[in-house]
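Spelled out from the first residue to the last, the chains are:
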2 protein chains.
Amino acid sequence: MADSANMHSSPNPNVSTDCVVFGFDDEKLKVLLIEQKNTGGISPQLALPGDLVLENENLYQSATRILKELTNLEGIYLKQFKTFGNPNRVRDVKDQDWLRTFREDPQARVITVAYYSLVKMEDFAPQAASLAGKVVWQNVDEVPQLAFDHNQIFNEALERLREEFEYKNVGYELLPKKFTLSMLQKLHEIILGVELDKRNFRKKIKKSDVLIPLDEKQSGVDHKPAQLFRYKTASKSSSI
Amino acid sequence: MADSANMHSSPNPNVSTDCVVFGFDDEKLKVLLIEQKNTGGISPQLALPGDLVLENENLYQSATRILKELTNLEGIYLKQFKTFGNPNRVRDVKDQDWLRTFREDPQARVITVAYYSLVKMEDFAPQAASLAGKVVWQNVDEVPQLAFDHNQIFNEALERLREEFEYKNVGYELLPKKFTLSMLQKLHEIILGVELDKRNFRKKIKKSDVLIPLDEKQSGVDHKPAQLFRYKTASKSSSI
DNA sequence: AATCTTAGTGTATTTTTTACACTTAGTTCG
DNA sequence: CGAACTAAGTGTAAAAAATACACTAAGATT
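Quantities reported herein were computed from a predicted structural model and do not represent experimental measurements. (Residues numbered from 1 in each chain as written. Chains lettered and ligands numbered in written order. Predicted model: local features only at pLDDT ≥ 70, side-chain atom pairs only at ≥ 80, totals over all residues. Heavy atoms only, no water.)

Engineer: How would you sum up unusual backbone geometry? Please name residues and give values.
Structural biologist: Residues and elements named next belong to chain A. You will see that N72, though not glycine, has its phi angle at about 65°, which is positive. Inspection of the secondary structure assignment puts N72 in the loop between α1 (59–71) and β5 (79–84). A relative accessible area of 31% means that N72 is categorised as partly exposed. (Helix = DSSP H or I, 4+ residues; strand = E, 2+ residues; numbered from the N terminus. Buried < 20%, exposed > 50% of the residue type's maximum accessible area, 1.4 Å probe, protein only.)

Engineer: Tell me about the packing of helix α3 (residues 181–192) of chain A against helix α4 (residues 198–208) of chain A, and name the residues and values.
Structural biologist: All names here are of chain A. Axis separation between α3 and α4 bottoms out at 11 Å; the angle between their running directions is 100°. Accordingly, the angle class assigned to the pair α3 and α4 is roughly perpendicular. Residue-level inspection shows L181, S182, L184, Q185 and H188 of α3 in contact with α4, the latter providing K198, F201, R202 and I205. (Axes fitted to C-alpha atoms, helices over the stretch in contact; angles between N-to-C directions. Parallel < 35°, antiparallel > 145°, perpendicular 65-115°, else oblique. Contact = heavy atoms within 4.5 Å.)

Engineer: Now, about the protein's contact with DNA strand D: what can you tell me, with residues and values included?
Structural biologist: Near DNA strand D you find 20 residues, and of these S182(A), K198(A), K203(A), N200(B) and K203(B) are the closest. Put simply, 38% of the atoms of DNA strand D that lie within 4 Å of the protein are in sugar or phosphate. Contact distances for DNA strand D include 3.5 Å between a phosphate oxygen and a side-chain N or O atom of K207(B). The separation between a sugar or linking oxygen of DNA strand D and a polar main-chain atom of D222(B) is 3.5 Å. Taken together, the elements giving at least two residues each to the surface near DNA strand D come down to α4 of chain A together with α4 (198–208) of chain B. The element contributing the most residues to the surface near DNA strand D is α4(A), with five residues. (Near = heavy atom within 4 Å. Polar contact = N/O pair within 3.5 Å; in protein donor to acceptor, adjacent residues only side chain to side chain.)

Engineer: An account of the protein's contact with DNA strand C is requested, with residue identities and associated values reported.
Structural biologist: Lining the immediate surroundings of DNA strand C are 20 residues, of which N200(A), K203(A), S182(B), K198(B) and K203(B) lie closest. Taking the atoms of DNA strand C that fall within 4 Å of the protein, sugar and phosphate contribute 40% of them. In this structure, K207(A) approaches DNA strand C through a side-chain N or O atom, which is 3.4 Å from a phosphate oxygen. Sorting the residues of the surface near DNA strand C by element identifies α4 of chain A together with α4 of chain B as the ones contributing at least two each. Top element by residues in the surface near DNA strand C is α4(B). It accounts for five residues. Classifying every residue of the surface near DNA strand C by side-chain character gives three nonpolar, five polar and 12 charged. (Nonpolar A, V, L, I, M, F, W, Y, C, P; charged D, E, K, R; others polar.)

Read these as geometric descriptors, not functional statements.
The following block contains the structure:
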């Protein structure tokens, strides 16, 4: 089947993973993007962090490795949400291979498995590395045109993130280990774009029974420190 | 990076799609499986219908094409739900290549994009074709050991199907065009494994406002014919 | 005309969700 | 060291949603 173009090329597609990392501070929901290293004067294209899957890693390992390599972020729970595989989603784009360390087969299409995540921005300080010249936190409502079909991937990730917060009523493994109820509430407000009542929110969370109170309080704040919580680890095997 | 094994093999993975087609009659929820053509006497292995993605089709096209080729089912809405890519999920298995028309690179791993669907069994009559020797509707609570990691894929599909019915309260594009409220209720009961109250069910559906009553009634029944409905087509572009 | 089968409908009770305001613990500043 | 500041933490009443429950209606079959 199909002996196309160059000699040693197989028809097998390249497979990559892309990460849509959402970050929140006390104001806005943002998304982590990377920027090309040496832009020759012209406006640099932004993209989601992503790269090809290696031969001996599973998809989740690939996503975490690549995120670490490009942005130095580690210890983040990533959730697979969709695989994008239009035949021309990457192949057509000529001069944007800076986003991939190495196209195994430059003739072949690229199918990408997309993951998303959510982090508190102040707990993580991404640093550009490898092929990324720069990393930026971009407001989700001000995302410019991205490389490839990354706008589509981003949009679907945002949609899924919001669904996750509406149906299940908490963002499960998507948060740092320890957090306060106010942080959690703020998060819901930012993501869903609504204001919530403090007492009702706490009632609901309590009843849903997904949090465990820790023997520990917030520190380093100039007011009454809040109780810290963590999620009950249902610990879904996230290794595929 | 990795110049492994045989000469013309690239490290690019094979990519396939697998379909978990759920069927319901008035009793049970079933899943469509295929069986090897010429089993040499020994017990034949069952598997989900699936095969490699071709060079110039997108993933959704691939899934529908393969489903048609193997089981002759057509016009079914398929929903992508997860991609499975453990490095050894298929490579290790020796004698089961009957499930793939042609392994582009027999050395390389196989990453599979999984879809699920739901059909009313009487509206569709699957027929084995191509490499499938036989197709069977298997009760979801009596699924035997399947090829590869297909049990895992099946289990996750079932989980997702049930979630879909709990959170959104209807199975959107997953059903045939026209149906009665009793059919829809029966479906919910079968999928969720519970009994529902007729009046309350109708109240809820009515309020959720996802159905449109048609100018048409059921025919061919020996009792009062029921009103037919269809879904409001939000018509999500399902082409990727 | 009588019988059979599933369609189709309303109300009272319980549970869940919402709206709403004050006290408490710790920090900072004078 | 006390006063003032800041966010944490808590309960109750009203509204809305979910549940439990049983009969009449329409068409087909005898």
